[in-house]
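Here's the letter readout for the chains.
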Amino acid sequence: MGASYLAVGWNRQKKIYDWLIFAFCVLYLATFVVLTAIFNPDYTFETVLIRATSTLAVIILHVTLSIGPLTRINKKFLPLLYNRRHLGVSMFCIILVHGSFSILQFHSLGNVNPFVSLFTSNTHFGSLADFPFQALGFFALIIFFLMAITSHDFWLHNLSPKVWKTLHMFVYLAYFLVVMHVMLGVIQYETNPVFIIIMLIGAFTLIALHLIAGTREVNKDDVIYKLKQDGYVLVCDVKDIEEDRAKMFCLDTERIAVYKTGGKLFAVNNVCKHQNGPLGEGKVIDGCITCPWHGYQYLPQNGQSPPPFKEKVSTYDVKLEGTHVWLNPKAYAEGTERPGAVISVVNAE
Amino acid sequence: MNNEEFYIGWMGKAPKSFAAWIRKYLIVLLPVIIVLGVLLALSQKKFGTGTFEFGTLTEVKGIYFNKPVPTIKVVDGKDIWGNENYITVPLIGFGKHGADGVIADLEKEKNISFEGKEITLKGTLLYNDGKLLMQVDANDKPLVNVSGANINSVGLQKIKELGIIDVKGEIVDPKCFFGVMKPGEGKPHKDCAIRCILGGMPPVLKVTDEKGNQNYYLIVGANGEKMNEAVQDYVATPVEINARAVAYGDWVVLYVHPNGLQHYSYIREHFSTSIASCMAACIK
Ligand code: HEM
Ligand code: FES
């Protein structure tokens, strides 16, 4: 579904999503600012703004990074995934306020350019206690900036999904930079352990979610299929697959989705061309395999997106013996038409 | 999963079971966000009481001295013996700059030296913890009046030698610390303090005694020369200073001995002998 960004407007779900982000942000900012003003009345406007926005952004960052593993643990989280980039862009806008105000407050009106000041004021790069933590924040901000401006599908297509995905994996580096930015910065000044405890809980939760989701996938991938003949591997029974749905099998480290639709079985590569979504967890809609993540579509028989789109995935041979489904892990070139396997009435029973 | 229930983002509406699940998630997320806001807001260290009278210009009349740092001595009532009391108001510049440049420009413009003369300046006051400072900014047209003749300033500085002292503390820039920024000290503020001091703000040593009271010292080199660049690596971190202390009325100035400024480590001071003996034992 190349150029799907043309077709997708700001539908009802997107609007709800954006309103929710907005409402949660306003609620958090109001809580932080009002409580600071009441209980810490000697505040300055700049500091409250710098802190309210930075802490909010870190919370959004945690929410955003947890969506991936959550959806892999439970499909019901999928509605959070579809517009995840809106969270990312909102987070960037909020942290831009923090970064700009910090540079204004701590580096402007001095004897050198603020950006020169950022890197030349504190030069204790070899010390933990004195480390120039603001530089870490700066590099994290650059990563978030690159991600935010390339978040649109336009860039996904222009950069190629592989480059795009790689770029967006840098979010984990950015996350690490942010944690260090906080640990080597304000944490060294504060005497109350609450902030550091919250940061640690956040980091542990994210790591745990990723590990749980990861081991589940690895377990699925580690299933060993013993019966093999003529390059085919016995993978399951035809009744194990629901109509218009698929099952995913990992053979020779290739993930393959076997779909049952219209009385036939078809096998295609499991990895969606958009953002590597799991096609095996999709559904056949209007005759097309539909990716569960963002709805890219492919024809089951040849792995091609219906025109005018140009995405293609590899196809595979699948055959039926009795009710046994046999799959050949040798991939055909992307978009190659395969006949599939006809499910006779006998098989189906 | 029910075969009927399949979610795709571009659908106008999520299937019921998905929508219900997300609603539950949001109901959990909402209090979490509020609790985080409360905890993070309340866990912040209390801000200092410093005040910067941003936008308010005040005229102050006093005797100007350029050394050890630019200050004016302002009459502040009389003591019980009828002698005039003076408070010392260090001058600082706009943004992250010292006052030296502005004063030098004004002296050039008037073609006289202000040293020891009575002068009226207009600027922005900042104060905290018993110390008063004034920002003089060229844009505020700070020079209101300067007397023609020298005032008899002998004795006015109330110079008193306090001897050689060793003190531990943190170097701060007085503008941020005494008024402009919260916090104007410590790690989060380190870069800014360095930038202010490199911009000509006189470095100040903040010393906290056992009772938690704070004392402040202006720091200059052994011969009264500026130490702004020399302190760069020592700002906003624990330091110990060995210096000749001289009181100029209500401000004490430290004339730091060569090598008299060192990083200070509590661990090194209290445990270095035990660490050394332990290491010696290990090597044996
Ligand atoms: C140009 C980039 C940045 C600069 C110059 C910068 C600067 C600073 C400074 C000076 C502080 C201490 C402020 C204080 O006194 O409380 C701070 C704190 C913090 N920063 Fe950044 N930062 C930058 C980017 C970021 C980014 C990208 C994030 C994360 C998304 C972030 C998150 C935080 C957090 C959570 C704190 C602790 C809370 C606070 O004190 O505000 N910063 N940053
Ligand atoms: S549609 Fe986005 S990953 Fe498949």
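Residues numbered from 1 in each chain as written. Chains lettered and ligands numbered in written order. Predicted model: local features only at pLDDT ≥ 70, side-chain atom pairs only at ≥ 80, totals over all residues. Heavy atoms only, no water.

1. A short note on the domain arrangement of chain B
Residue and element names in this part refer to chain B. Condition: Per the annotation, domain bounds derive from an automatic or database assignment of domains. Any two residues having at least one pair of non-hydrogen atoms within 4.5 Å are treated as being in contact. Simply put, the buried area is the total loss of 1.4 Å probe accessible area from both parts when two parts are fitted together. By convention in these notes, a salt bridge is any Lys or Arg side-chain nitrogen within 4 Å of a carboxyl oxygen on Asp or Glu. Throughout this description, a polar contact denotes any pair of N or O atoms lying within 3.5 Å of each other; where both atoms belong to protein, one of them has to be capable of donating a hydrogen while the other can accept it, and for residues adjacent in sequence the pair is counted only when both atoms sit in side chains. Helix and strand definitions here come from DSSP, where helices need a minimum of 4 consecutive H or I residues and strands a minimum of 2 consecutive E residues; each element is numbered from the N-terminal end.
Along its sequence, chain B is carved into domain 1 (1-31), domain 2 (51-157) and domain 3 (159-267). The partner domain 3 presents 27 residues to the 26 residues of domain 2 that form the contact. With both sides pooled, the region where domain 2 packs onto domain 3 buries about 2,200 Å², and carbon together with sulfur makes up 61% of that total. The largest contributions to the domain 2 side of the interface with domain 3 come from P68, K96 and K131, which together make up 30% of the buried area. Inspection of the domain 2/domain 3 interface yields one salt bridge. At the boundary of domain 2 and domain 3, one finds nine residue pairs in polar contact (both at pLDDT 80 or more). Where the side of domain 2 that touches domain 3 is concerned, the elements lending two or more residues are strand 1 (51-52), strand 4 (84-92), strand 5 (117-128) and strand 6 (131-135).

2. Here we look at the domain arrangement of chain A
Interface size is often expressed as the accessible area that is lost when the parts come together. Residue and element names in this part refer to chain A. This is how the line gets drawn: Put simply, Ala, Val, Leu, Ile, Met, Phe, Trp, Tyr, Cys and Pro go in the nonpolar bin, Asp, Glu, Lys and Arg in the charged bin, and everything else, Gly too, in the polar bin.
Split by domain assignment, chain A resolves into domain 1 (12-220) and domain 2 (228-348). Relative to domain 2, the C-alpha centre of domain 1 lies at a distance of 39 Å. Counting residues at the interface gives 13 residues for domain 1, matched by twelve residues for domain 2. With both chains or domains summed, domain 1 and domain 2 bury close to 1,200 Å², and 51% of this area falls on carbon and sulfur atoms. Of all residues in domain 1, the largest losses of buried area upon contact with domain 2 belong to Y82, K165 and K220, amounting jointly to 31% of the total for that side. Counting every contact that joins domain 1 to domain 2 gives five residue pairs in polar contact (both at pLDDT 80 or more). Secondary structure elements with two or more residues in the side of domain 1 that touches domain 2: helix 4 (78-82), helix 8 (153-159), helix 9 (161-169) and helix 11 (194-221). Here the residues of the side of domain 1 that touches domain 2 sort into six nonpolar, one polar and six charged.

3. Topic: helix 9 of chain A
All names here are of chain A. Counted only if it meets this: Relative accessible area decides the class of each residue, using a 1.4 Å probe on protein chains only: under 20% of the type maximum gives buried, over 50% gives exposed, and in between gives partly exposed. Read the arc as the range of directions from the helix axis to the C-beta atoms.
Taken together, the buried positions of helix 9 are occupied by W164, L167 and H168. For helix 9, the angular spread of the buried residues around the axis is 95°, confining them to a single face. Against helix 7 (133-149), helix 8 and helix 10 (171-183) lie the buried residues of helix 9.

4. Quick notes on the site of ligand 1
Selection criterion: Residues are labelled near a given molecule or strand when at least one of their non-hydrogen atoms is within 4 Å of it.
Around ligand 1 there are 24 residues in total, and R51, S54, H98, F106 and H181 of chain A lie nearest to it. Residues close to ligand 1 are split across chains A and B. In the environment of ligand 1, an oxygen atom lies 2.8 Å from a nitrogen or oxygen atom belonging to the side chain of S54 of chain A. Contributing elements (two or more residues each) for the shell around ligand 1: helix 3 (45-73), helix 5 (84-107), helix 7 and helix 10 of chain A. It is helix 5 of chain A that contributes the most residues to the shell around ligand 1, seven residues altogether.

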